Amino acid sequence: MLEDILAIRTETEGKAFFYQNMNIVIVLSMLYCPIIFTVQKIIKFLHNPNILDKPLKLPLFLWNMCLCIFSIIGSIKTVPYLMSLLNEHGFEYSVLSKSFTADDVYFYIFIFVLSKCIELIDTLFIVLRNKPLIFLHWYHHATVLIYCWFSYKDFRQIQLKVSFLHFQYVPLVSYVHEEWWACDALGRHPNQIFLAESQ
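Here's what I pulled together on the structure shown here. Predicted model, so just to flag it, every value in this text is computed and none were measured.

1. A look at the pattern of salt bridges
Thought 1: Evaluation of the coordinates by the stated rule reveals three salt bridges.
Thought 2: Here D53 ties to R129 by a salt bridge, and the two come within 2.9 Å at their closest N and O atoms. In this pair, D53 sits in the loop between helix 3 (22–45) and helix 4 (57–96) while R129 sits in the loop between helix 6 (121–128) and helix 7 (135–154), placing the two residues 76 residues apart along the sequence.
Thought 3: In this structure, E119 and K116 form a salt bridge, with 2.9 Å as the shortest nitrogen-oxygen distance.

This is the structure we're talking about:
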């Protein structure tokens, strides 16, 4: 499958890849919840359920920083294209058009959709560290994965909007979110760090 992903060069090939592999995303989403809740129960039955908290601090920090960097790069690559599309053609065209015109934008949207599979690891960090798992977290990951996969396959510009919102959200809000969790993973006091940054 990795060879198939690396061989994709055009929009049409990307669309075909998502169409041919729809079963993967459905199975992944269906297995996600049972696996996460099973791991959560296993961790709670351990003699010391917080045993993995400290060993996972550095991996969690690195994970959050990688997500942050990925999102910033995606924002830099996709936001200018969307803004120029809106300026040149207007809102209606930007929503209804079914193709990208910029290859580099296509690449980043394609990678964005694939990243939804990898982001399921977020939940694994939560349950392995014996932290509370809220409904919104796991529901968001399961449904956004399916939505992105199917919307990319069918409606390209709408997926661009979703990615745009995500990539805009990251520098302004999610960057703070990811950085917060990265600092928290290292045992830092995020409030003090963000106070210094805001000054």
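2. A few points about the packing of helix 3 against helix 6
Thought 1: Contact geometry of helix 3 with helix 6 gives a least axis separation of 9 Å together with a crossing angle of 20°. When the interaxial angle is binned, helix 3 and helix 6 end up roughly parallel. For the pair helix 3 and helix 6, the crossing hand works out as right-handed. Only T123, L124, V127 and L128 of helix 6 make contact with helix 3, whose side of the interface consists of Y32, I36, V39, Q40 and I43.
Thought 2: In terms of residue class, the contact of helix 3 with helix 6 is built from seven nonpolar, two polar and no charged.

3. Focus on the packing of aromatic side chains
Thought 1: Throughout the structure, instances matching the rule amount to nine aromatic pairs.
Thought 2: Relative to F18, the ring of F17 lies with its centre 5.5 Å away and its plane at 70°, an arrangement referred to as edge-to-face. A single burial state applies to F17 and to F18, both of which are buried.
Thought 3: Site record: aromatic cluster; members linked through ring pairs are F17, F18, F110 and W149.

4. Section: helix 6
Thought 1: Along helix 6, the residues that are buried comprise D122, T123, F125 and V127.
Thought 2: Looking one or two residues past helix 6, N130 carries a phi angle of roughly 60°, positive in sign.

5. Remarks on unusual backbone geometry
Thought 1: A positive phi angle, close to 60°, is found at N130, a residue other than glycine.
Thought 2: By the secondary structure assignment, N130 is in the loop between helix 6 and helix 7.
Thought 3: Of the residues examined, N130 reaches a relative accessible area of 22% and is grouped as partly exposed.

6. Quick word on helix 3
Thought 1: Taking 1.5 Å per residue as the helical rise, helix 3 with its 24 residues ought to reach 34 Å, and the 36 Å between its terminal C-alpha atoms agrees with that figure.
Thought 2: The largest bend along helix 3 measures about 30° and falls at Y32, with the proline P34 one to four residues further on.
Thought 3: Turning to helix 3, its buried residues number three or more, namely V25, S29, Y32, C33, I36, Q40 and I43.

7. So, the nonpolar core
Thought 1: Core analysis: the biggest nonpolar cluster contains 26 residues, and F17, F18, F110, V113, L114, W149 and Y152 have the highest contact counts within it.
Thought 2: When residues of this core are traced back to their parent elements, those giving at least two are helix 2 (11–20), helix 3, helix 4, helix 5 (103–118) and helix 7.
Thought 3: With seven residues, helix 5 is the largest single contributor of residues to this core.
Thought 4: In terms of nonpolar packing, the next biggest core, distinct from the first, is built from five residues, L56, L60, W63 and L67 among them.

8. Overview of the environment of F125
Thought 1: Along the chain, F125 turns up in helix 6.
Thought 2: Overall, F125 belongs to the buried group, its relative accessible area being 11%.
Thought 3: On a C-alpha basis, the gap between F125 and L56 in space is 7.7 Å, while along the polypeptide they are 69 residues apart.
Thought 4: If sequence neighbours within four positions are ignored, F125 has contacts with L56, P59, L60 and W63.

Criteria and thresholds
Residues numbered from 1 in each chain as written. Predicted model: local features only at pLDDT ≥ 70, side-chain atom pairs only at ≥ 80, totals over all residues. Heavy atoms only, no water. Salt bridge = Lys/Arg side-chain N within 4 Å of Asp/Glu carboxyl O. Helix = DSSP H or I, 4+ residues; strand = E, 2+ residues; numbered from the N terminus. Axes fitted to C-alpha atoms, helices over the stretch in contact; angles between N-to-C directions. Parallel < 35°, antiparallel > 145°, perpendicular 65-115°, else oblique. Left-handed = near helix turned anticlockwise from the far one by under 90°. Contact = heavy atoms within 4.5 Å. Nonpolar A, V, L, I, M, F, W, Y, C, P; charged D, E, K, R; others polar. Phe/Tyr/Trp six-rings, centres within 6.5 Å; stacked < 30°, edge-to-face > 60°. Buried < 20%, exposed > 50% of the residue type's maximum accessible area, 1.4 Å probe, protein only. Expected span 1.5 Å × (residues − 1). Bend = angle between axes of the 7 residues up to and from the residue. Core = buried A, V, L, I, M, F, W, Y, C linked by side-chain atoms within 4.5 Å.

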